[in-house]
Structures are given as structure tokens and as C-alpha cells.
Amino acid sequence: MSGTQNNSQVKGLPGQIVLVLQGGGALGSYQAGVYQALHEAGVEPDWVIGTSIGAINASLIAGNAPEHRLSRLREFWKRMEQKPVWSPGSVFPGFNEKLAYWSTVTHGVPGFFRPNPLAHVSESYPLGADRAGFYSTAPLEKTLLELVDFDLANRCAPRLTVGAAHVGTSQMRYFDSRDGELTVKHVMASGALPPAFPPVRIDGELYWDGGILSNTPTEAVFDDNPRRDSLIFSVHLWNPVGAEPTTMAEVLNRHKDVQYSSRIASQIVRQQQAHRLRHVIKQLAARLPESERSDPAVKELIGYGCSTRMHVVRLLSPQLEQETHTKDIDFSPSGITRRWNAGYAHTRSALARAPWVGEFDPLSGVVLHEHIDEMPLAAE
């Protein structure tokens, strides 16, 4: 899908532009469509934060000049496509996707991962910590080194942050180009989802996919120091709301949505409360006489105040018809294309509406704007 939108049509961008990308495997093509719409509108992110596939997409954006970012995203997702050798899809709907699924499970995805035969010998077979996974992600390392300029990602905007889970302590770790040099290993660690993929060692420590602890890394923006006025495009791949499952297939599908949709709703509520208190402190401090404000103890208390405002635009990938719990490894060309197009359409709509423009409660530090299309996309 393509098109152009004049940047003058994008109204009142309030502060730094932050793109937050959730983990979700093949569902991540939706994020590429989101970026395409932003790029065509002339809205380039100042900061890109990602987990798992979100970290991969983030590195493709941060590790390329603006004029090359979209083509590199297209190249990556083209390499991810699983094309069945036989294509009876017009006769048996959904069959192509099933063939792509089994091809992925048995052969991996060229340019991403390949089977690790030793992992199937025995559960107790000594693989070594760095190889303990059903698949090897060596092909992903090669792909990223071909498509991402990590020197560029470390010295230029946008700022790049990727989240990973420390295997030994169960602690979330955000690796940030503002604080230190990021390499291909940091991105791979963020996407090392067990037990499929082995952990990645960084500075002697092992890391797994950050999604097992926090699959929606918006917290990195809220907790940043210093805080800044921000327009945050938070891109979600898993549906937090769903119908009651009545079959085991529906149970498996809903379980994944619940597991990986993360705790973003409760996080937003807590952040709204916390930022409201910061605004209250700021306004109360302004009412104090200068003699009181200069007191060291009072100064410390005033320091908890803040006047920044963060607008969060939440974009949610739609469900595809006949979607199952294997959707995150649906690397079929049709699945990738439909999700990409949905991300593009949703973001163009959000940019046109510009919900961040208007009058807001002066005490509101975090304002959530939902943009959710709940209608499933029909199969092609």
C-alpha cells in the first residue's frame, strides 16, 4: 500500500516523537505499516523503543538514514515470507497459511532462524547455555548485519532502546544508545524467546526475549530522566480484549493474547495517577512564597513535581479471519501484507484525526488516545 501525505496536514506534534513497538513475531509487519504512514507524513521518530520483533523493526529504523528506512523494512519482511510450494488457497481457504506454518516449524525461516537438531536429541542433552534453544538465530544475525548500520544507530537520531530479560535474575534490562553502544547482539537478545531461541550473552550475562517480562516497553518513556513532552505511538500486536473461548483452539489463541498483550492498561492508569500528582506538586509549589521555595528541604520536595505531558496513541493490530494461536509465526505473504496494510491505514487515520490537539485537563500528565479497529481482516 502506498500514498503520500503532506507533513503540513499533521497537526500540532506535541514534543518528542516516540515509537514503541511490542513483541509478536510475524505480527510485527503491522509495525512496518505504522512506520510507513509516519514516514510518508514526514513524522520521523526521535526515539524508537522495541521488544522482540519490535526491537528488530526498531533497529531497522534507527540503523538507517530516513530515505532508506522503508526500503530496509520492506527487504527484511520480504526475506521473512514463507511461500508454499503448492498453492491451493483459492480452493481451500487458509490452506496456504497452514502450509507456511508447517514450513516454518520444520525448516525455520531463511534469514531468521533454522532448526537446531541437537535440541531434539533429549531434553537433558548438554547443549551449552548459548545454544539452548530449538532453533538457531545465526541467520538473523547475518540479516541484521546486512540491513542495519549499527554505527549509525549509535551516533544519530533516533535514539534506540531495546528490552531484554536477564536470565539469572529475572530483571528487565533496557539497553539504550543514549547510555552506551548497541550491537547486533542487543537486538538479538531482545528477540531470544525461549524455548525456541537460545539466550544471547552480553558482557558475560545471558539475556532472553524482553517480552517474557514486559512486552510493551512504554514504561521506558514514563520512567525516563529527564521527562519530556512526548507524542508516543504505542503499537500493539496482541489483543487485550477478546470473547470467551469455547474450543481448545480458541483457548490457545486467547491465552497468547492475554499473555503477551502485557499490562499496558494498568500501567497507563498508574502513570496517569503518578503524573497527575507531579502536576499537582508543580502547581502547589508555584503558590509558595519565594522564601519557602528556596529552603533546601522544600526544594527537594518540589523536585518531584513535573509539568510534562505525554500523549499516548495506542494502535492495535486487527485480527485476521481464521486466525489461530500460530499467528505469531504466520509468515505467509498474505498474512504479512494484510497486517502491514492495516498498520498503514490505522496510522494514517490517527494522523488525520490528530487527537493530541485540543484542550486537556491541566493536571493530566498522561493522555491516552485509543485507535482500535476490532473488525477482523478478511482472507485474500
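Above this text sits the structure in question.
Fair warning: this is a prediction, and the values are worked out from it, not measured in the lab.

S.K.: What is the right way to look at the packing of aromatic side chains in this model?
M.R.: Where two aromatic rings form a pair, the distance of their centres and the angle of their planes describe that pair. For the coordinates displayed, the defined rule picks out ten aromatic pairs. Judged by centre distance (6.1 Å) and plane angle (85°), the rings of F112 and F331 are edge-to-face. Of this pair, F112 sits in the loop between helix 4 (95-107) and strand 3 (114-115) while F331 sits in the loop between strand 10 (310-316) and helix 13 (333-353), and the two are 219 residues apart along the sequence. Neither residue differs from the other here; F112 and F331 are each classed as buried. Pairing F175 with Y207 gives two aromatic rings, centres 5.2 Å apart and planes at 80°, and the pair type is edge-to-face. A residue pair is termed long-range when its members are at least 10 positions apart, and F175 in strand 6 (residues 172-176) and Y207 in strand 8 (residues 205-209) qualify at 32 residues. Here a set of aromatic residues connected by ring pairs shows up, and it is made of F112, F113, Y135, F197 and F331. Residue placement shows R159 over the ring face of W47; its charged tip is 3.6 Å from the ring centre.

S.K.: Explanation requested: the packing of helix 2 (residues 53-62) against helix 3 (residues 66-80) in the structure shown.
M.R.: To describe two helices that pack against each other, one gives the angle between their axes and the distance between the axes. Close contact between helix 2 and helix 3 brings their axes to 8 Å; oriented N to C, the two are set at 140°. Between helix 2 and helix 3, the angle falls in the class oblique. Here I53, I56, N57, L60 and I61 of helix 2 lie close against helix 3, whose contacting residues are R69, R72, L73, F76 and W77.

S.K.: I would appreciate a short explanation of the pairing of strand 2 (residues 47-51) in the present structure.
M.R.: Moving residue by residue along a regular strand, the side chains alternate between the two faces of the sheet. Most of strand 2 is tucked away: five of the five residues are buried. Residues W47, I49 and T51 line one face of strand 2 and the alternating positions V48 and G50 line the opposite face, and both faces are buried. Pairing of strand 1 (residues 16-21) with strand 2, which is carried by four bridges, proceeds in the parallel orientation. Bridged to V20 within strand 2 is I49. Bridge count between strand 2 and strand 5 (residues 159-166): five bridges; the pairing is parallel. Bridge pairing in strand 5 places V48 opposite L160.

The rules behind these values
Each chain carries its own residue numbering, running from 1 in the written order of its sequence. A pLDDT threshold of at least 70 governs which residues receive local features in this predicted model, and a stricter bar of 80 or more applies before side-chain atom pairs are shown or counted, although totals over entire chains, interfaces and linings include all residues. Side-chain descriptors were evaluated using all non-hydrogen atoms of the structure, hydrogens and water having been removed beforehand. For Phe, Tyr and Trp, where Trp contributes only its six-membered ring, two rings pair if their centres lie within 6.5 Å, and the inter-plane angle classes them as stacked under 30 degrees, edge-to-face over 60, or tilted in between. The way it works is that DSSP assigns letters per residue, a run of H or I at least four long becomes a helix, a run of E at least two long becomes a strand, and they are numbered from the N terminus. Throughout this description, buried means an accessible area under 20% of the type-specific maximum (1.4 Å probe, protein chains only), exposed means over 50%, and partly exposed covers the range between. By definition here, charges over rings are those cases where NZ of Lys or CZ of Arg is within 6 Å of the ring centre and within 35 degrees of the ring normal. Under this scheme, a helix contributes an axis fitted over its contacting stretch, all axes are lines through C-alpha atoms, and angles between N-to-C directions fall in the 0 to 180 degree range. Oblique is the label for any angle not under 35 degrees, not over 145, and not in the 65 to 115 range, which are roughly parallel, roughly antiparallel and roughly perpendicular in turn. Any two residues whose heavy atoms approach within 4.5 Å are treated as being in contact. DSSP-based pairing: two strands are paired if at least 2 bridges between them are found.

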